[in-house]
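The chain contents come next:
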Amino acid sequence: MSKFQKKRGKASPAISTASLPDIIFMLLFFFMVVTVMRNAELKVNVVTPSASELTKLEEKSLVNYLYIGKPMPKWQNTYGTTPRLQLGDKFATVADIPLFLEKHKVKLPENKRGRITSSLRVDGEVTMGIVQDIKTQLRKSDQLRVNYSAKKEVEAQ
Amino acid sequence: MAKKSSKDRLSNEVNAGSMADIAFLLLIFFLVTTTIAEDKGILVKLPPWSEEEVDPTKLKTRNVFSVLVNADNQLLVRDEPATIDELRERAKEFIMNPSRRDDLAEKPTKAIISLKNDRGTEYKTYLKVYNELLGAYNELWNEEVAANYSQYGDKFHDEIPFAVRKEIRGKIPMVLSEAEPTTYGEE
């Protein structure tokens, strides 16, 4: 009995928090590395459909994004509700695509330009008309690697 | 004397107690701004642009698996109405033709899938159809690996060396031609 009491009397002091900043810093660096600052504010509503045969996009810097969807409610007064294309952070038309692609291309080293992928982030409800026009324009601009952005399908089992 | 002691205290090292707070603040900032973007999708290679239209009449009908999607998102597969669910199995049967029927593809290398949609087709449906057709090929490639490349065990076709993958794709090439869409259902 006395043995136990002795131990209790000598109870160790509080856990040292000296390593706390280190742990926090480690977490901080992790998040700093994985963070991608969203460079474009979405002005169109995009809910990508789901699919099962997906490929992961490899290098972020080699990807340019084309958004297609209905304008968000606060833009509907100006731009209506028909699906529209958004390039970068502004509304655009199909004719603006070549310049957009060129602007992205010149930022990259020459040896990587062949691997540029266009990610089409298209809302599921959009009809194929506008998508087709954009595909045609991409083909004319010789941008043939295209990725139809989609979510992983949740299998019904 | 008292003055001197206060100077001594000044030269003490910086208190690192607030370091954790600063780090926490930064951490929370990055936590909030982070979007671990899972960017996945169906990768396709569009055909280069050319002015002249391809003439499909040169192809034998038995080698063409035509899929039409109309503005109401209904499917017409080889001139019969069909549903998306049966598309994958039918495409697989068409490509491999296991029972050597004379209305399906002569051999996998000659099989062509022709996809045509309307301008009024929903993108969702289009992508689903595309996904099924791509899925049919993926399954065939995987079966090919399991059947003839047993050294890779039960790996999927996209996990094996590139040269072997190319060989498999030579045996079962994916030819998916997309025709210019019809314009009946233009919004």
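Preceding block: the structure.
Just so it is clear, the structure is predicted and the values come from calculations on it, not from any experiment. Starting from 1, residues in each chain are numbered consecutively following that chain's sequence as written. By the order in which they are written, chains take letters starting at A while ligands take numbers starting at 1. It should be noted that, the model being predicted, local features are given only for residues of pLDDT at least 70 and side-chain atom pairs only at 80 or more, the latter also being counted only at that level, while totals for whole chains, interfaces and linings use all residues.

Caption draft 1: Summary view of the overall build of chain A. Secondary structure counts use DSSP, requiring at least four H or I residues in a row for a helix and at least two E residues in a row for a strand, with both numbered from the N terminus. Counting its regular elements, chain A contains five helices and nine strands. Beginning at the N terminus, the succession of helices and strands in chain A can be written as α-α-β-β-β-β-α-β-β-α-β-α-β-β. Any residue whose C-beta has 12 or fewer other C-beta atoms within 10 Å is treated as exposed, any with 20 or more as buried, and any in between as partly exposed, C-beta atoms being built from the backbone. Burial analysis of chain A (157 residues in total) assigns 25% to the buried set.

Caption draft 2: Summary view of the sheet that holds strand 3 (residues 75–77) of chain B. Residues and elements named next belong to chain B. Strand order across the open sheet formed by five strands is 4-3-2-5-6, with mixed pairing between neighbours. Bordering the open sheet on either side are strand 4 (80–82) and strand 6 (176–178), each of which pairs with just one other strand. Going across the sheet, the axis of each strand differs from the next one's by a mean of 25°, ignoring polarity. Pairs of strands are assigned from DSSP output, requiring at least two bridges between the strands. When strand 2 (residues 64–69) meets strand 5 (residues 112–117), the two strands line up parallel, connected through six bridges. Bridge pairing links Phe 65 to Ile 113 in strand 5. Axis geometry follows a simple rule: fit a line to the C-alpha atoms, using only the stretch in contact for helices, then measure angles between N-to-C directions, giving values from 0 to 180 degrees.

Caption draft 3: Inspection of the interface of chain B and chain A at higher detail. The contact criterion used is a C-beta to C-beta distance within 7 Å, with each C-beta placed from the backbone. Each partner contributes to the interface: chain B provides 42 residues, whereas chain A provides 43 residues. Of all the elements in the fold, those that place two or more residues in the side of chain B that touches chain A are helix 2 (19–33), strand 1 (40–45) and helix 4 (123–148) of chain B. Here the side of chain B that touches chain A is built from residues that sort into 22 nonpolar, ten polar and ten charged. Bridge analysis of strand 8 (residues 145–149) of chain A against strand 1 of chain B gives five bridges, and the strand direction is antiparallel. Residues are grouped as follows: Ala, Val, Leu, Ile, Met, Phe, Trp, Tyr, Cys and Pro are nonpolar; Asp, Glu, Lys and Arg are charged; all remaining types, including Gly, are polar.

Caption draft 4: Geometry of the pairing of strand 5 of chain B. As paired elements, strand 5 of chain B and strand 6 of chain B share three bridges and run parallel to each other. Bridge pairing in strand 6 of chain B links B:Ile113 to B:Leu176.

Caption draft 5: Highlighting the nonpolar core. Residue and element names in this part refer to chain B. Here a nonpolar core is just a set of buried residues of the types Ala, Val, Leu, Ile, Met, Phe, Trp, Tyr and Cys, joined wherever their C-beta atoms sit within 7 Å. With 46 residues, the main nonpolar core has Ile 42, Val 67, Ala 91, Leu 127 and Leu 133 as its most contacted residues. Of the residues forming this core, the biggest block, twelve residues, is contributed by helix 4. Beyond its immediate stretch of four places on either side in the chain, Leu 133 contacts Leu 87, Ala 91, Ile 113, Leu 115 and Leu 176.

Caption draft 6: Spotlight on the pairing of strand 2 of chain B. Residues and elements named next belong to chain B. The pairing of strand 2 with strand 3 spans three bridges and is classified as antiparallel. The partner of Val 69 across the bridge, within strand 3, is Leu 75. Between strand 2 and strand 3, which follow one another and run antiparallel, lie five residues, and Asn 73 among them has a positive phi close to 65°.

Caption draft 7: Quick peek at unusual backbone geometry. Residue and element names in this part refer to chain B. The backbone of Asn 73 sits at a positive phi, close to 65°, despite the residue not being glycine. By the secondary structure assignment, Asn 73 is in the loop between strand 2 and strand 3. Asn 73 sits in the partly exposed class, given 18 other C-beta atoms within 10 Å. Phi angles above zero are rare outside glycine, and Arg 100 is one such case at about 50°. Looking at the secondary structure, you find Arg 100 in the loop between helix 3 (84–96) and strand 5.

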